[in-house]
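# Coordinates in review
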Amino acid sequence: MKTVTRSTCCYCGVGCGVLVEAEDGRITGIAGDPDHPANFGRLCTKGRSLPLTVQSMTGRVLHPEIRTARGAKREAADWTSALDLVAQRFAQVIEQHGPDAVAFYISGQLLTEDYYVFNKLAKGLVKTNNIDTNSRLCMSSAVTGYKKAFGADGPPTCYEDLELAQTVLFAGSNMAYAHPVLFRRLEEAKAANPDVRWIVVDPRRTDMAAMADLHLAIQPGTDVALFNGMLHHLIWEGLLDRAYIDAHTVGFDALKALVREYPPRVAADICGIEEHALMQAAEWFGASPAALSLYCMGLNQSSHGTDKNLALINLHLAARQLGKPGAGPFSLTGQPNAMGGREVGGMATMLAAHRDIGNAEHRAELEALWGVSGLSDRPGLPAVEMFEAVRNGKIKAVWIACTNPVHSMPDIARVREALARAEFVVVQEAFAQTDTVPYADVLLPAASWGEKSGTVTNSERRISRVQAAVDAPGEAKPDWWIVNEVARRIEARLSSMSTLFPFDSPQAVFDEHRALTVGRDLDIGGLSYATLEAQGPQQWPFAAGAAHGQARRYADGTFATGDGRARFHATPYLPVAESVDARYPFRLVTGRLRDQWHGMSRTGRVGALFAHAPEPALTMHRTDAARRGLKDGDLVTVASRRGALVLPLQVSDDVASGTVFAPMHWNGQFLNSGGINETTVPAVDPHSAQPELKHAAVRVQAADLPWRLVAARRGGDALALQAAVQPLLRERRYASVRIEPDADGNEMLIVSAADLRAPAEWLNRLHDALGLPHGEDLLEYRDARRGHEKRVAWRDNMIDGFMLAGGTNGAAALIDRLREAAPWSGPRHAVFVDGKRPPRDKVICNCKQVTQSQITAKIAEGADLAELKSTLGCGSVCGSCVPEIRRLYESVPAAAAH
Ligand code: SF4
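What counts and how
Sequence positions are assigned chain by chain, starting from 1 and proceeding in written order. Selection of residues for local features in this predicted model requires a pLDDT of at least 70, selection of side-chain atom pairs for listing and counting requires 80 or more, and totals for whole chains, interfaces and linings are taken over all residues. Computation of side-chain values covers all heavy atoms of the structure but excludes hydrogens and water. Secondary structure elements are taken from DSSP: a helix is a run of H or I of four residues or more, a strand is a run of E of two residues or more, and numbering for both begins at the N terminus. When we talk radius of gyration, it's over C-alpha atoms, and the globule rule is simply 2.2 Å times the number of residues to the 0.38. Each residue gets one of three labels from its accessible area relative to the maximum for its type: buried under 20%, exposed over 50%, partly exposed in between, using a 1.4 Å probe on protein chains only. Contact criterion: two residues are considered in contact whenever any of their non-hydrogen atoms come within 4.5 Å of each other. The method behind every accessible area is Shrake-Rupley, applied with a 1.4 Å probe, and residues are considered shielded solely by the protein chains displayed. In this charge count, Lys and Arg are treated as positive and Asp and Glu as negative; neither His nor the chain ends contribute. A single reference atom marks each charge: NZ on Lys, CZ on Arg, CG on Asp, CD on Glu. Definition used for salt bridges: Asp or Glu carboxyl oxygen within 4 Å of a side-chain nitrogen of Lys or Arg. Take the buried residues of types Ala, Val, Leu, Ile, Met, Phe, Trp, Tyr and Cys, join any two whose side-chain atoms come within 4.5 Å, and each joined set is a nonpolar core. Axes here refer to lines fitted to C-alpha atoms; in helices the fit is confined to the stretch in contact. Angles between the N-to-C directions go from 0 to 180 degrees. Oblique is the label for any angle not under 35 degrees, not over 145, and not in the 65 to 115 range, which are roughly parallel, roughly antiparallel and roughly perpendicular in turn. Whether a crossing is left-handed or right-handed is set by the direction in which the near helix is turned from the far one by less than a right angle, anticlockwise for left-handed and clockwise for right-handed. In this classification, the charged set is Asp, Glu, Lys and Arg, the nonpolar set is Ala, Val, Leu, Ile, Met, Phe, Trp, Tyr, Cys and Pro, and all remaining amino acids, among them Gly, are polar. Only a single heavy atom is needed: when it lies within 4 Å of a molecule or strand, its residue is near that molecule or strand. Residue ranges labeled as domains rest on an automatic or database domain assignment. Computed with a 1.4 Å rolling probe, the buried area is the accessible surface lost when two parts are put together, summed over both parts. Only strands that DSSP links by at least two bridges are regarded as paired with each other. Viewed with both strands pointing away, a crossover whose connecting path from the first strand over the helix to the second turns clockwise is right-handed.

Turning to the overall build of the protein chain, a few remarks are in order. Counting its secondary structure elements, the protein chain contains 31 helices and 34 strands. The C-alpha radius of gyration computed for the protein chain amounts to 27 Å, which stays within 12% of the reference 29 Å derived for 898 residues, consistent with globular compactness. With respect to the three principal axes, the spread of C-alpha positions in the protein chain is 85 × 70 × 60 Å. Evaluated residue by residue, the protein chain yields a buried proportion of 63% over its 898 residues. Counting contacts in the protein chain only where the partners sit at least 6 residues apart, residues at least 24 apart contribute 71% of the total. Roughly 30600 Å² of accessible area belongs to the protein chain as shown, and the carbon and sulfur atoms make up 50% of that amount. Here the protein chain contributes 96 positive and 102 negative side-chain charges, whose respective centroids are spaced 3 Å apart.

Below, the structure written as structure tokens:
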């Protein structure tokens, strides 16, 4: 039977509504929900490909597993044994070492209900605040910024402001890639009103920066100097709202005294930009009828992230650019439910419903609501400190859910060490191949997107329902259920009672969460599942009796502080945690790609999502590359004081000389190393404890690895092949793996590797892992003198796979043959002399599979964007490729106006 279920996309904080199609227990399709106020029917490439991520059960965790002895392999177990063991080991540690000897590390991808039960278990039952989340790595500086300036967490803005803003300041946000559907809304607003001005603050010339009216390519980490310099200029030009400052704020005089030290020339010098550009940005911002700033990881993932947030908020308060349509400081949440986690207090530094751990009244309120006593007043350990405490033995048992810290934390060698030393590690996961799973003593199978129900809150404080479209596979269970079952067992053991976890559905959890918010700034006393289903997604606050949620906050100039006034903060510019020097002369910045999501445990399952960026790369300015004798495609070693990895080089003008860029996504599932966080710094912001994932000092050297390999296999289960190949990657100095679709819609696996040499035994293991045949279906060629080896696998007259080792000439032609899925004509041995082919054309439009050369040929003929859309179809479906297409006009000499 065919069904359509209304739900929400599980990737980014935009929170797009989706209609999920399913048939016979299998998700078959997806469409944007035209009635959802976040996306009005639009979806980006990632959202559109969600069904492809859940159709195969390969690589899913399908039943509980238990490791019975250290060093032993985990064995399949039943749920009762797994739940009993987790409860028993946690209770044992708590009884022997106290509540702070256990920790919970959870995720902004959990639903609010999942988060709530975890938080109640840690804080209400165990009485530890050692519960933190990967949202610490994402937006904790935005939280501290809002709380310090306005007295409460949460943005004062809403998505409607995207269409109403006259000036848009993008700061540390590559929104075209990270929040694509919101970016579509901005593109349309600018197309409708060309007077709207865009200012992009980004060290890189991204596609979005190329579209801006003003691009401020500041030196990484100098945002505070920029904002202080802009404020200095606003004061000088009289572009302040003095009446607003006097009536609704405190602290302006101290800030004014500080920004005297940041005249535009000085600030511009620190930032490495032109003074007039800084002044222009200040004037556009201050004089605008409505200035909106949109910011994300570029501000937050910094050892001074809170200051960066506050310095930007200072500008909004001084020029009264908030509390009115189209204006305000708008932090974009990276994850789908980072906001929901904040609401339930699912972090080490907060309590439920925006209450504070250090506030005795707040603790007493919560004790009364939960019917418990003795909530801990000791702040818990935030992410970086938490794993350090696991490493040094203070925390003995850790439960990790729905996140992959062995990829996403900075300086991951220390996280690996921590988990290897821990007495007991629980991993609750949907996907079996993540870098954290090998450390699990107990692996608990979690339901994934499309298989579970609850709610999420997006970047504009809007709560949406998430609904199951199909049953979870195997024995996988919803996250809230798993935690609830363990919590009941721990409660029975610690207190011989069973009262705190009566939940029998996500709705029961939501109703208790709702009750805790009544009277708080995020009051959702008027919301229920029934309201959300009848009236659609709603913003908070939504108190009992309200007809709808509140779109904007602080419109009357009354803030959530004790005296109702907002706070200015004097924020001096401080340099990045790790400066460059003669040994580590490059500034490494990290970021996202368009079609991948976080650690790729989900997007890495879809071959089509590799088409835009098949391999990881380190981007370097061409003059820096030339000076080192490096060229595009060379392998380089990127090393910091903490670790190193090998990556292919991408030469570009998009980064400044002295800066290099690497994407955050690749990890041990797809690479021989753990990814770029082998090199990043564990330094954290003193207020938010958010680590400086965005910046490290590195050196870059040619990796002299003359032995090369390219191998591929078409047909079969690409995900199963990838799982088989994954353990072999780490044995080579460079290795990466990717999935690609062929012309028949089947998927193939491609492996690249490099080293000084590789033993024949490794080649044979790779041969078997790829499922290449032996006997007459294998054609082999060996050149012992040169150390070259070629193997081509046949199925009838089709090439089914190959392995070129030692030298890789001819690999591109063989991959093309596999992609084409066409029969081979002529003698088989001629395959070894198949001609050279040009490098593969980059796929720009994923929806319509349109390549760069097709687009540039049309542009050269004079086609404008509308014509490209109508003739090639590119940019006509999800629109994620439009910024890149616009950029191609810069590179084509005969480009028409567009
Ligand atoms: Fe999902 Fe894309 Fe919407 Fe983000 S913008 S919620 S990834 S469809």
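Scanning the entire structure with this criterion turns up 63 salt bridges. The salt bridge involving Glu187 is made with Arg184; its shortest N-O contact spans 2.8 Å. Placement of both Glu187 and Arg184 in helix 8 (residues 180-192) is noted, with a separation of three residues, approximately one turn of the helix. Using a relative accessible area of 5% as the deciding quantity, one classes Arg184 as buried. With a closest N to O distance of 3.2 Å, Arg733 and Asp755 form a salt bridge. Here Arg733 is found in the loop between helix 26 (718-729) and strand 28 (734-741), whereas its partner Asp755 is found in strand 29 (residues 747-755), with 22 residues between them in sequence. Judged by relative accessible area, Arg733 falls into the partly exposed class, the value being 46%.

So, about unusual backbone geometry. Negative phi is the rule for most residues except glycine; trans is the rule for most peptide bonds. Residues Trp540 and Pro541 are joined by a peptide bond in cis, for which omega reads 0°. When you line up the elements, Pro541 lands in the loop between strand 19 (538-539) and strand 20 (566-567). A positive phi angle, close to 50°, is found at Asp411, a residue other than glycine. With respect to the secondary-structure elements, Asp411 resides in the loop between helix 20 (405-408) and helix 21 (412-421).

Before going further, it helps to examine the nonpolar core. Counting residues in each nonpolar core, the largest one holds 58 residues, and the members touching the most others are Leu618, Leu709, Val751, Trp762 and Leu766. In terms of residue count, the dominant contributor to this core is helix 26 (six residues). The residues touching Trp762, leaving out its near neighbours within four places in the chain, are Trp707, Leu709, Leu728, Glu731, Arg732 and Ala753.

Turning to the packing of helix 10 (residues 223-237) against helix 16 (residues 305-318), a few remarks are in order. Running from N to C, helix 10 and helix 16 cross one another at 15°; their axes reach a closest spacing of 8 Å. Judged on the interaxial angle alone, helix 16 and helix 10 are roughly parallel. Classified by chirality, the crossing of helix 16 by helix 10 is left-handed. Counting all contacts with helix 10, which are made through Asp223, Val224, Phe227, Asn228, Met230, Leu231 and Leu234, the residues of helix 16 involved are Asp307, Lys308, Ala311, Leu312, Asn314, Leu315 and Ala318. Here the residues of the contact of helix 10 with helix 16 sort into nine nonpolar, two polar and three charged.

So, on to the site of the ligand. Looking at the ligand, the residues that line it are Cys9, Tyr11, Cys12, Val14, Gly15, Cys16, Leu43, Cys44, Lys46, Gly47, Pro180 and Val181. When contributions to the shell around the ligand are tallied by element, the ones reaching two or more residues are helix 1 (45-48) and helix 8. Of the residues belonging to the shell around the ligand, the class tally is nine nonpolar, two polar and one charged.

Taken as a whole, the protein chain is organised into domain 1 (65-138 + 337-539), domain 2 (140-331), domain 3 (586-680), domain 4 (707-833) and domain 5 (843-895). Using only C-alpha atoms to locate each centre, domain 3 and domain 5 end up separated by 25 Å. Every contact between the two is made by seven residues of domain 3 and, on the other side, seven residues of domain 5. Across the domain 3/domain 5 interface, buried area totals approximately 560 Å², and carbon plus sulfur atoms make up 32% of it. Together, Arg594, Ala611 and His612 form the three largest contributors to the area buried by domain 3 at its contact with domain 5, with a combined 70%. Run the count over domain 3 and domain 5 and you get two salt bridges. Put simply, Asp654 and Arg887 hold a salt bridge, and the shortest N to O gap is 2.6 Å.

In this section: the sheet that holds strand 19. Pairing in this open sheet of three strands is antiparallel, and the strands run 17-18-19 from one edge to the other. Two strands close off the open sheet at either side, each with one partner strand: strand 17 (454-457) and strand 19.

The next thing to look at is the pairing of strand 6 (residues 102-106). For strand 6, the buried fraction is high: five of the five residues fall into the buried class. Sheet topology note: the strand 6/strand 14 (residues 397-401) ladder contains four bridges and is parallel. Residue Val102 lies in a different strand from strand 14, and its bridge partner there is Ala397. Pairing analysis gives three bridges linking strand 6 to strand 7 (residues 131-133), with the strands arranged parallel. Note that in strand 7 the partner of Phe104 across the bridge is Ile131. With respect to chirality, the unit in which strand 6 leads through helix 4 (residues 112-126) into the neighbouring parallel strand 7 is right-handed.

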